[in-house]
Amino acid sequence: MHVISTTHPRGFTMKMQKGFTLIELMIVVAIIAILAALAISQYQDYVTKAQFSEGPSIVDGLKTAIVDYEIQAGKCPGKVFPQTS
């Protein structure tokens, strides 16, 4: 903090702090940057896990449709996409 000296009416010196020094502000910015980097890393891990766990649920829906087709048609479905020449 920036220190301002003032003289009290009784003759002794009082020191008043006003504002922050540059180093104090830089330390606070560095701490915030470190916390933000950790938060972003954890968020990316969370998103990756969410996307990975989405795959089996999508496949389960497809599996149900294939089993229903097999029951109705008596055979597994053939090619899903027509062959292009």
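What counts as what
Residues numbered from 1 in each chain as written. Predicted model: local features only at pLDDT ≥ 70, side-chain atom pairs only at ≥ 80, totals over all residues. Heavy atoms only, no water. Helix = DSSP H or I, 4+ residues; strand = E, 2+ residues; numbered from the N terminus. Buried < 20%, exposed > 50% of the residue type's maximum accessible area, 1.4 Å probe, protein only. Contact = heavy atoms within 4.5 Å. Areas by Shrake-Rupley, 256 points an atom, 1.4 Å probe, with all protein chains shown as cover. Salt bridge = Lys/Arg side-chain N within 4 Å of Asp/Glu carboxyl O. Patch = residues over 30% accessible without salt bridge, like charges linked within 9 Å, V, L, I, M, F, W, Y side chains within 5 Å. Expected span 1.5 Å × (residues − 1). pLDDT = per-residue confidence, 0-100.

## Description of the overall build of the chain
For step 1, the next point in the chain: Summing up its helical and strand segments, the chain has one helix and two strands in all.
For step 2, the next point in the chain: Ordered by position from the N terminus, the helices and strands of the chain form the series β-β-α.
For step 3, the next point in the chain: Buried positions account for 0% of the 85 residues belonging to the chain.
For step 4, the next point in the chain: For the chain, the share of sequence-separated contacts (at least 6 apart) that also reach a separation of at least 24 residues comes to 0%.
For step 5, the next point in the chain: Surface summary for the chain: the accessible area is close to 8,000 Å², and the carbon and sulfur share equals 66%.

## As for the pattern of salt bridges
For step 1, the next point in the chain: One pass over the full model with this rule turns up one salt bridge.
For step 2, the next point in the chain: With its nearest N and O atoms 3.9 Å apart, the salt bridge here joins Lys 63 to Asp 60. One end of the pair is Lys 63 and the other is Asp 60, both in helix 1 (residues 22-73) and three residues apart, which spans about a single turn.
For step 3, the next point in the chain: Asp 60 gets classed as partly exposed once you look at its relative accessible area, which sits at 41%.

## What to know about a nonpolar patch on the surface
For step 1, the next point in the chain: The grouping of Leu 22, Ile 23, Met 26, Ile 27, Ile 31, Ile 34, Leu 35 and Leu 38 at the surface amounts to a nonpolar patch, some 840 Å² of accessible area in total.
For step 2, the next point in the chain: By the element assignment, Leu 38 lies in helix 1.
For step 3, the next point in the chain: For Leu 38, a relative accessible area of 52% corresponds to the exposed category.

## Brief notes about the environment of Pro 77
For step 1, the next point in the chain: With respect to the helices, strands and loops of the structure, Pro 77 is situated in the segment after helix 1.
For step 2, the next point in the chain: Filtering out sequence-adjacent residues up to four positions away, Pro 77 remains in contact with Ile 66 and Tyr 69.

## What about helix 1?
Every α-helical turn comprises 3.6 residues, leaving residues that sit three or four positions apart pointing alike.
For step 1, the next point in the chain: Helix length check: helix 1, at 52 residues, gives a terminal C-alpha distance of 76 Å against a target of 76 Å (1.5 Å per residue), a fit within 8%.
For step 2, the next point in the chain: Just downstream of helix 1, Gly 74 is the residue with a positive phi angle, here 80°.

## With respect to the confidence of the model for the chain
For step 1, the next point in the chain: Summary statistics for the chain give a mean pLDDT of 82 and a share of 73% for residues scoring 70 or more.
For step 2, the next point in the chain: Ranking the elements of the chain by mean pLDDT puts strand 1 (residues 3-7) last, at 65, and helix 1 first, at 89.

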